[in-house]
Amino acid sequence: MELLTKASYSGEVSEREKKNLEVAYRAACESMVLLKNEGVLPLKTKKVALYGPGVTRTIKGGTGSGEVNERHSVTILEGMENRGFEITTKQWLDDHEADYEAGEIAHKKAQRDIIKLLKSKSFMEMMLKGYTPPAGRAITEKDIADSDTDTAIYVLSRQAGEGGDRKAEKGDLFITDDERTAIETCVKNYKNFVLVINSGCSIDMSFVDEIPGIGAILFICQLGTEGGNAFADTVSGKVTPSGKLTDTWAKQYADIPFHNEYSYLNGNVEEEYYKEGIYVGYRYFDSFGVEPCYPFGFGLSYTAFSIFGAGVAVEGTKVHLNATITNVGANYSGKEVAQVYVSAPNGKLDKEYQSLAVFAKTKELAPAESETVKLTFDMAEIASYDEGSASYILDAGEYIVRLGNSSRNTVPVAVVTLDKDVVVSKHCNICPVVETFDELKSETKTAEKINPGVPRVVVKAEDFETITYTYKTPGVYSDEKVDKFLNTLTLKEMVEIVVGIGMFGGETRFNMPGSVGNTTSKFWDRGLANVTLCDGPAGLRITKRSVVQQDGTLKPVELPISVFEMFPEFVQGFLKADPDKGTVVYQYTTAFPVTAALAQSWNTALLEEVGKAIFVEMKEYGCTFWLAPAVNIHRNPLCGRNFEYVSEDPFLTGEVAAALTKGIQQEEGYYVTVKHFACNNMEDNRNKVSSNLSERALREIYLRGFERAVRKGNAKAIMTSYNRINSVYAPNSYDLCTKVLRNEWGFDGVVMTDWFSTNKGFGHNALAMKAGNDLIMPGGGAYKKEILAGVKSGMIKEEDVKRCCANVVRAIMNSATQKEYIDKK
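The sections below set out a description of the structure shown in this document. (Residues numbered from 1 in each chain as written. Predicted model: local features only at pLDDT ≥ 70, side-chain atom pairs only at ≥ 80, totals over all residues. Heavy atoms only, no water.)

With that settled, consider the overall build of the protein. The secondary structure content of the protein amounts to 23 helices and 33 strands. Taken over the C-alpha trace, the protein has a radius of gyration of 27 Å; the compact-globule value for 825 residues is 28 Å, and the two agree within 12%. Along the first, second and third principal axes, the C-alpha set of the protein runs to 75 × 75 × 50 Å. Out of the 825 residues belonging to the protein, those deemed buried represent 63%. Considering only residue pairs separated by 6 or more positions, the protein has 79% of its internal contacts joining residues 24 or more positions apart. Just so you have it, the protein exposes about 30600 Å², and 49% of that area is on carbon and sulfur atoms. Charged side chains in the protein number 94 positive and 110 negative. The centres of these two groups are separated by 3 Å. (Helix = DSSP H or I, 4+ residues; strand = E, 2+ residues; numbered from the N terminus. Rg over C-alpha atoms; globule rule 2.2 N^0.38 Å. Buried < 20%, exposed > 50% of the residue type's maximum accessible area, 1.4 Å probe, protein only. Contact = heavy atoms within 4.5 Å. Areas by Shrake-Rupley, 256 points an atom, 1.4 Å probe, with all protein chains shown as cover. Lys, Arg positive; Asp, Glu negative; His and termini not counted. Charge placed at Lys NZ, Arg CZ, Asp CG, Glu CD.)

Structural data, given as C-alpha cells:
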C-alpha cells in the first residue's frame, strides 16, 4: 500500500517551528499574572537562588488529551540561564532532580501491571495517579550561605488532568508542610523573595497572610514550550506583565458557594446539583459581598495606568463607550485591559451585581503615552433568561455601565436608561430539571446613587426586534457533490461513515501518526478520503517521530500520551518502533500556553495569531478536525481540566473561543471542534454524572461560550460531553444538539461524541443519531450494531442516519485531505 502521510523526512528545526515558537513566546509573556509586588520585581540582580520542584521540572501543560508532544519545553532554570542569570543553588536543584528521577522510576514500576492495563477502570486510575514530584529536601543554612545572594525564587507547582478532579488536600489545593517550611525559610533568609505559582488553576491562598514577607507573587499558570524564556524576561523587566485573572481567587476554598458539595466532596458523584445557579465566580463574590483574595480581571504591572471614560453614545440597541488609558508610570512601558461591566436594574428576575459586557487590551504604551479604545456592547446580549416565558428579557430602568481594570476596581461612567421592558428573543424550554432543588437567590439590590456628572443615554424598546425561534429537525444536507455520493450508499455503508476509527483500530489510508481518530477509509476508492482528528487545546497533539514499516504503515517511536508510558515494557515494545531499524519521519508541533493561560492575556488579536499558528501545523501535517477549543466554565477550582478551559465568565470564554476559531479556520476544510457540549464541569465519574441545573443557569452561564464560538467564530464542529444534563446523556440530547445548536444558533457543521461516551451503559448510539450527533467516536462494531438495531426497531429512522452521514460527508469533501488526495486524481 502506498504510504500517504505529510510527516517530514527531515528532523531539522524548520522555519515554521521558529515562527511558531515566537508566537508561543509572545503568548506566554502576556499570559502571566502579577498578583503581588512590593518592589521586588523586576529583579535588581542577576544572581538568584532558585528553589522548588517547578524550577527544573516546570509544568508546561496538563495531562491527558490536552498534552502536546513538542520538540522541547524550556524550564525556568533553562530560561534564567539563557537570559544570563547566575543560579547559585545548583546543588539543591541537582539533589531535587536526583530525588525526582528516583521517585519517577519507582512510580512507573508500580503502575506497570498487565492486570491494570486490561481493566478500563484501572487504566483511568493510571491517568489519575500521575507522578507527584517531591517538594525537595529542606533548604539548609549551607544552601543559603552558598547561594551568596539576597534574592530567591520558589516555584510552587501543581499538575492536574483528564479523568479526575483535584483534591482539597495538602499537595494539591493546599500547600504541604514541606512547602510552607521552604517558603518560610526563604522569607526569613532572603531580602527579596518571589513566590511563583506554576499551576493550571488557582490554589488556596490563605497561607499568604500567614507568612509575612512574601515580596512578590507571580502566577505563571502553564506556559508551554517557551515558558522558561518568557518567565526570565518577565522577572528581569524586559517584559512587563500584562495578564489578568480569568477567575476569582478566593481567600479560602470555603468562600466558594457550596464548596463542600462539589464532585466527590459530598460522597455523591452520580448527581451534581448546581445550586449556585447563575452565581458563579465573581457573580457570587460581587453579589453577596464576599471579599476575594484576588478579584476577577485583576493583574498588576510594573507601571501604573489611568482609565477614564471619554464619551458614550447609543446606536440602536448598541452602546458605544470610549475609554482613554494612559501609562502614568515613569520607568516601564506596558499594556492594560479596559474592562466594562454592566449592572442591571431590579426587575422580574434576581440578577447578579454586575457582568462583563466588553473589554479591550491596549497596545504597548510607553510612559505618558495614551490610547483611546472603543468599547461596544449590544444591550440584547446582557438580557436575562426567564424560564416561565421561555424568553430573554430586559427590564425597563437604569443600567449602570462601569469601567475599570478588574471586577472590584471600576467606576460608573454611564447610565443607560431603557424606557420599557423588552422581550429580546422567544425560545422553547429545554433540558427540564428532573428533581427540583433550591437554587441560590440574591436579595434585591439597593438603588445606587450615581454622581450627577455621569453621562446618561437612552435606549428605546422600539429599537429591539424580538426574535422568535422555530424548532424542527433539519433536512438532509444537499448539494450536487454530496448527493451524488450519498445516493450510492446503503444503510450499512452510511453507518460505516458515521462511526469513526480510534487511535489504534482500523485501516487509515491517509496516515497522521498520533492522531486520536479518523473517519473511515473504506470508501477511499469510491471517492471519499479519510480525515484525521487531533487533540488540543494547547497545540496539536500528534507523534513526534515514527518509523516507516515494510508494509508502508507507520509505527511511533514515542507514544502519543504520557500515560502510555505506564504500560508494561513488553506492551510498549509492541506499540513502539526502533528508530534505528527503518526510515524515521517527523512531526514536531508547538506547545502553546494552556487555554487557561492564553485567556489571561485578554488579547483576542494575539489569540487569533495562536490559532493561525496551529492552523499552519494542521495544514503541514494534514489534520482536519482540531479537537479544541474547550470552553466549559470554571465552576470550581477543583475541576481536573480547568487548565484546558477558559474562565468562570461566559462572555470572556466565548471571546477567547471565537478568536482561536477564527485563527484556525483560515481556509475551507480545517475545523475547530468546540468541546465539551455541555456542563462537563467535573471529571470524577464523568461518564455517568448528571449535571443538574436550572434552564436559566444552563443558558446564561454554561451555553453562552459555545454560542459565541458558533455565532461569532463560525465554528464548524462541536463535541458533545460525557456527562448527563438533567439525567439525559449529552450525545442523546435533542434539546442541545438540535434545538439549541441548529435551530437557535444556526450551526450547520458536524457534531461528534467524545471518545467512548456511547459505550455500553452510557449514551445510546442510535439515539445520538436522532439527537443530531453526527459522528460517533472512536468507533467499533458494537456501535454500528446498536445504530442498525435502532433503525430496525423503529427507535430511529434511516433518515436520521442519512442526515448525520450527509453532514460528515460534506465536511470530508470540503477538507484539504479530500482535495489533495482524491479530487486532484
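What follows concerns the environment of Lys251. Following the sequence through the fold, Lys251 ends up in the loop between helix H9 (227-236) and strand E7 (271-273). Relative accessible area serves as the criterion here: at 40%, Lys251 is assigned to the partly exposed category. Between the alpha carbons of Lys251 and Leu788 there is a distance of 54 Å; along the sequence they are 537 residues apart.

Considering soluble globular proteins, one finds that nonpolar side chains tend to be buried as a cluster. Within the largest apolar cluster, 93 residues are counted, with the highest numbers of intra-cluster contacts made by Leu356, Phe677, Tyr702 and Leu703. The contact partners of Tyr702, leaving out residues within four places of it in the chain, are Tyr274, Glu276, Val280, Ile633, Arg635, Cys679, Asn681, Leu693 and Ala697. (Core = buried A, V, L, I, M, F, W, Y, C linked by side-chain atoms within 4.5 Å.)

All right, on to the sheet that holds strand E33 (residues 750-752) then. If you trace the three strands from one edge of the open sheet to the other, you get E28-E30-E33, paired in parallel fashion. Two strands bound the open sheet, and with one partner strand each, they are strand E28 (674-677) and E33. Taken over all neighbouring pairs, the strand axes of this sheet differ in orientation by 25° on average, direction set aside. Two elements, E28 and strand E30 (residues 717-720), share two bridges in a ladder whose sense is parallel. Looking at the pairing, Phe677 lines up with Thr720 of E30. Lying on the sheet, helix H18 (residues 704-711) is in contact with E28 and E30; it crosses E28 at an angle near 150°. (Pairing = 2+ DSSP bridges. Axes fitted to C-alpha atoms, helices over the stretch in contact; angles between N-to-C directions.)

This paragraph deals with the packing of aromatic side chains. All chains considered together, the criterion is met by 26 aromatic pairs. Relative to Tyr670, the ring of Phe615 has its centre 5.2 Å away and its plane inclined at 85°; by these criteria the two rings are edge-to-face. Separated by 55 residues along the polypeptide, Phe615 in helix H15 (residues 604-621) and Tyr670 in the loop between helix H16 (650-664) and strand E27 (671-672) bring together distant segments of the chain. Pair check on accessibility: Phe615 and Tyr670 agree, each one buried. In this structure an aromatic cluster arises from ring pairing among Tyr282, Phe296, Tyr341, Phe359, Trp602 and Phe651. (Phe/Tyr/Trp six-rings, centres within 6.5 Å; stacked < 30°, edge-to-face > 60°.)

Turning to its location among the elements, Leu365 is positioned in the loop between strand E11 (355-361) and strand E12 (370-378). The residues contacting Leu365, other than those within four sequence positions of it, are Phe305, Ile325, Asn327, Tyr332, Ser333, Gly334, Ser370 and Glu371.

Here we take up the sheet that holds strand E3 (residues 86-87). The strands making up a sheet associate through backbone hydrogen bonding, with each pair oriented either parallel or antiparallel. The strand order across the open sheet built from six strands is E1-E6-E5-E4-E2-E3, with neighbouring strands paired in mixed fashion. The two strands at the open ends of the sheet, each matched to only one other strand, are strand E1 (33-37) and E3. In the sheet, E1 pairs with strand E6 (residues 216-219) via four bridges, with the strands oriented antiparallel. Within E6, the position partnered with Lys36 by the bridge is Ile217.

On to the pattern of salt bridges. Side chains that carry opposite charge are capable of pairing whenever their charged atoms lie near each other. Enumeration over the complete set of coordinates arrives at 64 salt bridges. With a closest N to O distance of 2.6 Å, Arg408 and Asp286 form a salt bridge. Of this pair, Arg408 sits in the loop between strand E15 (397-406) and strand E16 (409-418) while Asp286 sits in helix H10 (residues 282-287); the two residues are 122 residues apart in sequence, bridging distant segments of the chain. Residue Arg408 is classed as partly exposed on the basis of its relative accessible area of 33%. The buried category is assigned to Asp286, whose relative accessible area is 12%. With its nearest N and O atoms 2.8 Å apart, the salt bridge here joins Glu707 to Arg711. Here the residue Glu707 and the residue Arg711 both occupy positions in helix H18, the gap between them amounting to four residues, near one helical turn. Residue Arg711 is classed as partly exposed on the basis of its relative accessible area, which comes to 42%. A cluster of three or more residues bridged by salt bridges with shared partners is formed by Glu162, Arg641, Glu644, Glu683 and Arg686. (Salt bridge = Lys/Arg side-chain N within 4 Å of Asp/Glu carboxyl O.)

Following Lys675, the chain continues to His676 via a peptide bond in cis, the omega torsion being -5°. Relative to the helices and strands, His676 is located in strand E28. At the junction of Phe677 and Ala678, the peptide bond is cis and its omega measures out at 10° in the coordinates. Along the polypeptide, Ala678 turns up in the loop between E28 and strand E29 (690-692). At Trp602, a position not held by glycine, the phi torsion is positive, near 50°. With respect to the helices and strands, Trp602 occurs in the loop between helix H14 (595-599) and H15. For Trp602, a relative accessible area of 2% gives the class buried. Even without glycine at this site, Cys679 takes up a positive phi of about 60°.

Viewed as axis vectors pointing N to C, helix H12 (residues 491-498) and helix H21 (residues 781-793) meet at an angle of 135°, and their least axial separation amounts to 10 Å. Between H12 and H21, the angle falls in the class oblique. Handedness of the H12/H21 crossing: right-handed. For the pair formed by H12 and H21, the contact residues are Leu491, Lys492, Val495, Glu496 and Val498 on the first element and Lys784, Ile787, Leu788 and Val791 on the second. (Parallel < 35°, antiparallel > 145°, perpendicular 65-115°, else oblique. Left-handed = near helix turned anticlockwise from the far one by under 90°.)

Helix length check: H16 (15 residues) gives 21 Å between terminal C-alpha atoms against 21 Å at 1.5 Å per residue, within 8%. Burial of H16 is extensive: 14 of the 15 residues sit out of reach of the surface. (Expected span 1.5 Å × (residues − 1).)

A word on the side chain of Asn632. Looking at the secondary structure, you find Asn632 in the loop between strand E26 (623-627) and H16. A distance of 3.5 Å separates the side chain of Asn632 from the side chain of Tyr645, its partner in a polar contact. For Asn632, the side chain forms a polar contact with the main-chain oxygen of His676, separated by 2.8 Å. (Polar contact = N/O pair within 3.5 Å; in protein donor to acceptor, adjacent residues only side chain to side chain.)

Now for the side chain of Ser691. As for its placement among the helices and strands, Ser691 is situated in strand E29. Only 2.9 Å separates the side chain of Ser691 from the backbone oxygen of Cys679, close enough to count as a polar contact. Contact partners of Ser691, with chain neighbours within four places excluded, come to Glu272, Tyr274, Cys679, Asn723, Arg724, Ile725 and Asn726.

Our next topic: the pairing of E30. Going residue by residue along E30, you find Ala717 and Met719 tucked away on one face and Ile718 and Thr720 tucked away on the opposite face as well. As paired strands, E30 and E33 are joined by three bridges and run parallel to one another. Bridge pairing in E33 links Met719 to Met752.

Before going further, it helps to examine H18. Of all eight residues making up H18, six are buried, and the element is well covered by its neighbours. Within the sequence span of H18, burial applies to Arg704, Gly705, Phe706, Arg708, Ala709 and Val710. On its buried face, H18 is in contact with strand E14 (391-394), H16, E28, helix H17 (695-702), E30 and helix H19 (734-744).

Relative to each other, H16 and H18 sit at 30°, their axes nearing to 7 Å. The two elements H16 and H18 meet at a crossing, and its hand is right-handed. In this structure, H16 contributes Pro650, Phe651, Thr653, Gly654, Glu655, Ala657 and Ala658 to the contact, and H18 contributes Arg704, Gly705, Arg708 and Ala709.

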